[in-house]
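Examination of the molecular architecture
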Amino acid sequence: MGAFRFLTAGESHGPSLGVTIEGVPAGLTVTADDVAVDLARRQRGYGRGARQTIEQDRAEILGGVRHGLTLGSPILLLVRNRDWENWTQVMAVEPLDEEAAGALFTAASEGNKKATPITRVRPGHADLAGALKYGFNDVRNVLERASARETAARVAAGGVARAFLREFGIETWSFTAEVGGVSVDPALCTRSRDEADASPLRCPDPAAEERMIARIDEARSAGDTVGGVFEVVVHGLPIGLGSYVHWDRRLDAALAAAVMSINIVKGVEFGLGFEQTRRFGSGVHDVIEGRTEEGRWVHRSNNAGGLTGGVTNGEPLVVRGAVKPISTLARPLPSADLVTGEAVDKAHYERSDISVVPAAGVVAEAMVMLTLASFVLEKFGGDTVDDVRAGLERYRARIAAAPEAPVAGGRRRDASLSTPANAGAAAPAPAHGLTGTDEAGSGGDD
Ligand code: EPS
């Protein structure tokens, strides 16, 4: 990933999660308290399981920051797993000595679930493909890393991206738009952003939220799980982030990949998304009303979700993600055994969440912010935050000003050439080969 890169490490029940973020300019204020805000938001949400009562995520900053300011060097963040205390043998990093291995063997023979190797793969999880791919006979080696616990590290990195983007007035948030087929009604979204953030499902529509909660309760009592849709909204982006000139410079493509990479996400759409396919063009495309005196371009609607041609267009960015129901079911589905290859009545179950749409929204905010930070840095460059600010301000001033009126042929000519006095003079041969105004003015090839 581009200029603002990050890599996470760590297993769900291992000692900790870690993330290294590279490319953060010097001079950015970053504190553990700032990063903690999003980590806490990710842990909340009606439908979360017992694990969240164990964890109280907080990132320690172990490198790249001095006296609260970034140094331009890689930033290293560590989020310790509190649950590790309960897994020190099963998830030991160092080889087990004879005694410890024997103790685990005995515990497993006595039916201790944690100690028992896992072979009954879960439908919908990375278990089967992951175990075959990496040559494991204990699926724990897969599920520990495929776990959504890893997203805590992404959210910690996202906290740094949030601090960076905030320097330039770029603000990101998200809300729960749908759970189990119950959607918010935009006309009934009466809660402010803070009120929505404080609500059980981080939902702006209180009536829809009640029905969403009922769906989660329904899933819980059936031993089942339920998915939904989150929406991420970003304000304050300059026009022109991303590019239409190459597939890998399109911001929509990068954002879709980033959001799609979240463990539970199965689809991504921008603005009206798939709904565009059901309407005529006149009911989809955002009429451009013009430039204000302050140099701001105004669209009549934002069906495109703030991106046209893979480039930001000055409207808020609107990204929605489809969250599948979690694949670990309290009433497990039938499956098969990795070793015997035979069908089994029930897949593996330890403990799980019922629904995580609000948490997935916070993770998506992080992925969106990390992607935007990368595009901002690529476009405006700079080793310090002030360098980036100067580049961005110069650019904002340029696009706020009216461009010079274009001239056919690309060059200003002596105005007298087209005056009536010269009407009889031979016209210079047009370089483009067009002869009439009809063709010259026939518009683009949209
Ligand atoms: C997860 C299973 C559960 C979730 C976990 C993701 O963990 P555990 O097996 O410890 O109960 O709680 O998510 C988190 C721990 C988290 O912080 O989001 C899974 O299998 O993906």
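Each chain carries its own residue numbering, running from 1 in the written order of its sequence. Under the rules for a predicted model, residues below a pLDDT of 70 receive no local features and side-chain atom pairs below 80 are neither given nor counted, while totals for whole chains, interfaces and linings still include all residues. The basis for every side-chain value is the complete set of heavy atoms in the structure, and neither hydrogens nor water enter the calculation.

What to know about the packing of aromatic side chains
In plain terms, the rule: The aromatic pairing rule takes the rings of Phe, Tyr and Trp, using the six-membered ring of Trp, and pairs them if the centres are within 6.5 Å, calling planes under 30 degrees apart stacked, those over 60 edge-to-face and the rest tilted. Each helix is a run of DSSP H or I of at least 4 residues and each strand a run of E of at least 2, with the numbering of both proceeding from the N terminus. For every residue, the accessible area obtained with a 1.4 Å probe (protein chains only) is divided by the maximum for its type, and the residue is called buried under 20%, exposed over 50%, and partly exposed between those limits. Note on criteria: charge over ring means Lys NZ or Arg CZ within 6 Å of the ring centre, with the direction from the centre no more than 35 degrees off the ring normal.
Inspection of every chain in the model, using the stated rule, returns 5 aromatic pairs. For the pair Phe-4 and Phe-164, a centre-to-centre distance of 5.6 Å together with 40 degrees between the ring planes defines the contact as tilted. Of this pair, Phe-4 sits in the segment before strand E1 (5–9) while Phe-164 is found in helix H6 (residues 151–166), placing the two residues 160 residues apart along the sequence. Residues Phe-4 and Phe-164 agree in their burial class; the two are buried. By way of ring pairs, the aromatic residues Phe-4, Phe-164 and Phe-168 are connected into one cluster. Seen from the ring of Tyr-395, Lys-379 lies directly overhead, with NZ or CZ sitting 4.0 Å from the centre.

Section: the nonpolar core
Where we set the bar: Only buried residues count toward a nonpolar core, which is a set of Ala, Val, Leu, Ile, Met, Phe, Trp, Tyr and Cys residues joined through side-chain atoms within 4.5 Å. Any two residues having at least one pair of non-hydrogen atoms within 4.5 Å are treated as being in contact.
Among the nonpolar cores identified, the biggest contains 85 residues, and Phe-4, Ile-21, Val-160, Phe-164 and Leu-317 are the most heavily contacted of them. Per-element tally for this core: the top contributor is helix H10 (residues 357–380), with 17 residues. Leaving out residues up to four positions away in the same chain, Ile-21 has contacts with Phe-4, Arg-5, Phe-6, Pro-74, Ile-75, Leu-77, Ala-157 and Val-160. Judged by nonpolar contacts, the second largest core, of 7 residues, contains Ile-118, Val-142, Leu-143 and Leu-338.

What to know about the pairing of strand E11 (residues 288–291)
Where we set the bar: Note: two strands are recorded as paired if DSSP finds a minimum of 2 bridges between them.
Strand direction decides the pairing type here: E11 and strand E12 (residues 297–299), joined by 3 bridges, are antiparallel. Each bridged residue has a counterpart across the sheet, and for Ile-288 the counterpart in E12 is His-299. Hairpin connection between E11 and E12: a loop of 5 residues separates the two successive antiparallel strands, and Gly-295 in this loop has a positive phi of roughly 90 degrees.

A word on the site of the ligand
Our working rule: Only a single heavy atom is needed: when it lies within 4 Å of a molecule or strand, its residue is near that molecule or strand. Contacts described as polar in this section are N or O atom pairs within 3.5 Å, which, within protein, must combine one atom able to donate a hydrogen with one able to accept it, while residues neighboring in sequence count only if both atoms come from side chains. For accessible areas, the Shrake-Rupley method is used with a probe of radius 1.4 Å. Any residue's cover is judged against the shown protein chains and nothing else. Side-chain classes follow a simple rule in which Ala, Val, Leu, Ile, Met, Phe, Trp, Tyr, Cys and Pro form the nonpolar group, Asp, Glu, Lys and Arg form the charged group, and the remainder, Gly included, forms the polar group.
Neighbouring the ligand are His-13, Arg-42, Arg-48, Arg-51, Gln-52, His-125, Ser-147, Ala-148, Arg-149, Arg-351 and Asp-353. Within the side chain of Gln-52, an N or O atom sits 3.0 Å from an oxygen atom of the ligand. In the complex, 91% of the free accessible area of the ligand, which totals 460 Å², lies under the protein chains. In terms of residue class, the shell around the ligand is made up of 1 nonpolar, 4 polar and 6 charged.

A closer look at the sheet that holds strand E8 (residues 182–183)
Stated precisely, the cut-off is as follows: Only the stretch in contact is used when fitting a helix axis, every axis being a line fitted to C-alpha atoms; angles between N-to-C directions are given from 0 to 180 degrees.
Spatially, E8-E7-E9-E15-E10 is the arrangement adopted by the 5 strands of the open sheet, whose pairing is antiparallel. Strand pairing shows two members of the sheet lacking a second neighbour, E8 and strand E10 (265–270), which therefore form its edges. Pairing analysis gives 2 bridges linking strand E7 (residues 171–179) to E8, with the strands arranged antiparallel. Pairing of Glu-178 across the sheet is with Ser-183, part of E8. Along the sheet, H10 makes contact with E7, strand E9 (228–235) and strand E15 (317–323), crossing E9 at roughly 35 degrees.

Brief notes about the pairing of E15
Most of E15 is tucked away: 6 of the 7 residues are buried. Alignment of E9 against E15, held across 7 bridges, turns out to be antiparallel. Within the sheet, the bridge partner assigned to Glu-231 lies in E15 and is Arg-320. For E10 and E15, the ladder comprises 5 bridges, and the chain directions are antiparallel. Paired with Glu-269 across the two strands is Arg-320, which belongs to E15.

Some remarks on the pattern of salt bridges
What counts here: The working definition used for a salt bridge is a side-chain nitrogen of Lys or Arg within 4 Å of a carboxyl oxygen of Asp or Glu.
With the rule as written, the count across this model stands at 31 salt bridges. Close ionic contact of Glu-55 with Arg-149 constitutes a salt bridge, the shortest N to O distance being 3.5 Å. In this pair, Glu-55 sits in the loop between helix H2 (51–54) and strand E3 (59–63) while Arg-149 sits in the loop between helix H5 (140–146) and H6, placing the two residues 94 residues apart along the sequence. Using a relative accessible area of 2% as the deciding quantity, one classes Glu-55 as buried. In this structure, Glu-209 engages Arg-191 in a salt bridge whose closest nitrogen and oxygen atoms are separated by 2.8 Å. Taken as a pair, Glu-209 in helix H8 (residues 206–221) and Arg-191 in the loop between E8 and helix H7 (193–198) lie far apart in primary sequence, 18 residues in all. Ionic contacts of the salt-bridge type, sharing partners, join the residues Arg-42, Arg-51, Glu-55, Asp-57, Asp-83, Arg-149 and Arg-351 into one network.

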